[in-house]
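# Overview (structure and organization)
Residues per chain are reported as follows:
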Amino acid sequence: MRSDVVADSDPLQPAGLSAVLAAHRPQLVRFFTGRTGSIAEAEDVVQEIWLHIAQPITGPIANPLAYLHRIGMNIVLDRVRANGRRARRDSGYVEATTTITGAGRRR
């Protein structure tokens, strides 16, 4: 009989991680809602975790739930960084293309 750690660490069996994700999905959505401030964003993060674990894993995973949290936090951080870059880019574009009229006139 295989232990949970061995079943989850089998690189040919992402089903072990999928089962952990399915069992803890509501908890993960709550966790990432707290991190992102949005239920919709948290749902997107959990969906991206599903996509990530669908790929073969090359090493043992001692704590599958912690592994899923780490994947999700990496996704959240990537999104925060992308949003920051987007905001800076958009702000720079607005500044470069906006003309302020009437700034020098006083009544």
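As a starting point, this report considers the structure included with it. (Residues numbered from 1 in each chain as written. Predicted model: local features only at pLDDT ≥ 70, side-chain atom pairs only at ≥ 80, totals over all residues. Heavy atoms only, no water.)

## Here we look at helix H3 (residues 39-53)
Between its first and last C-alpha, H3 extends 21 Å over 15 residues, near the 21 Å set by a 1.5 Å rise per residue. When H3 is considered as a whole, its buried residues turn out to be Ala42, Val45, Val46, Ile49 and Ile53. Down the axis, H3 shows its buried residues gathered within 95° of arc, on one side only. Those residues of H3 that are buried are in contact with helix H2 (15-36) and helix H4 (64-97). (Helix = DSSP H or I, 4+ residues; strand = E, 2+ residues; numbered from the N terminus. Expected span 1.5 Å × (residues − 1). Buried < 20%, exposed > 50% of the residue type's maximum accessible area, 1.4 Å probe, protein only. Arc of directions from axis to C-beta. Contact = heavy atoms within 4.5 Å.)

## Considerations on the nonpolar core
In this structure, Leu21, Phe32, Ile49, Ile53 and Leu68 are the most contacted members of the largest nonpolar core, which totals 17 residues. With six residues, the single largest contributor to this core is H2. (Core = buried A, V, L, I, M, F, W, Y, C linked by side-chain atoms within 4.5 Å.)

## What about the packing of aromatic side chains?
The full count for this structure, using the stated rule, is one aromatic pair. Consider the rings of Phe31 and Phe32, whose centres lie 4.9 Å apart with planes at 85°: the pair is edge-to-face. Given the relative accessible area of 0%, Phe32 is considered buried. (Phe/Tyr/Trp six-rings, centres within 6.5 Å; stacked < 30°, edge-to-face > 60°.)

## Things to note about H2
Over its 22 residues, H2 runs only 27 Å from end to end, short of the ideal 32 Å by more than 12%, given 1.5 Å per residue. When the local axis directions of H2 are compared, the greatest deviation, roughly 65°, occurs at His24, which is followed within four positions by the proline Pro26. Among the residues of H2, Gly16, Leu17, Val20, Leu21, Leu28, Val29 and Phe32 are the ones counted as buried. Positive backbone phi, at 80°, marks Gly37, one or two positions downstream of H2. (Bend = angle between axes of the 7 residues up to and from the residue.)

## With respect to the pattern of salt bridges
Counting across every chain of the model gives five salt bridges. A salt bridge links Arg25 to Glu43; the nearest nitrogen and oxygen atoms lie 2.3 Å apart. Here Glu43 lies in helix H3 and Arg25 lies in helix H2, a separation of 18 residues in the sequence. Look at Glu43 and you get partly exposed, because its relative accessible area is 28%. Arg89 is the salt-bridge partner of Asp90, the closest N and O atoms lying 3.7 Å from each other. By relative accessible area, Asp90 is classed as partly exposed at 40%. It is possible to trace a salt-bridge network through shared partners that takes in Glu41, Glu48 and Arg79. (Salt bridge = Lys/Arg side-chain N within 4 Å of Asp/Glu carboxyl O.)

It is worth stressing that arrangement in space is one thing and function is another; only the former is reported here.
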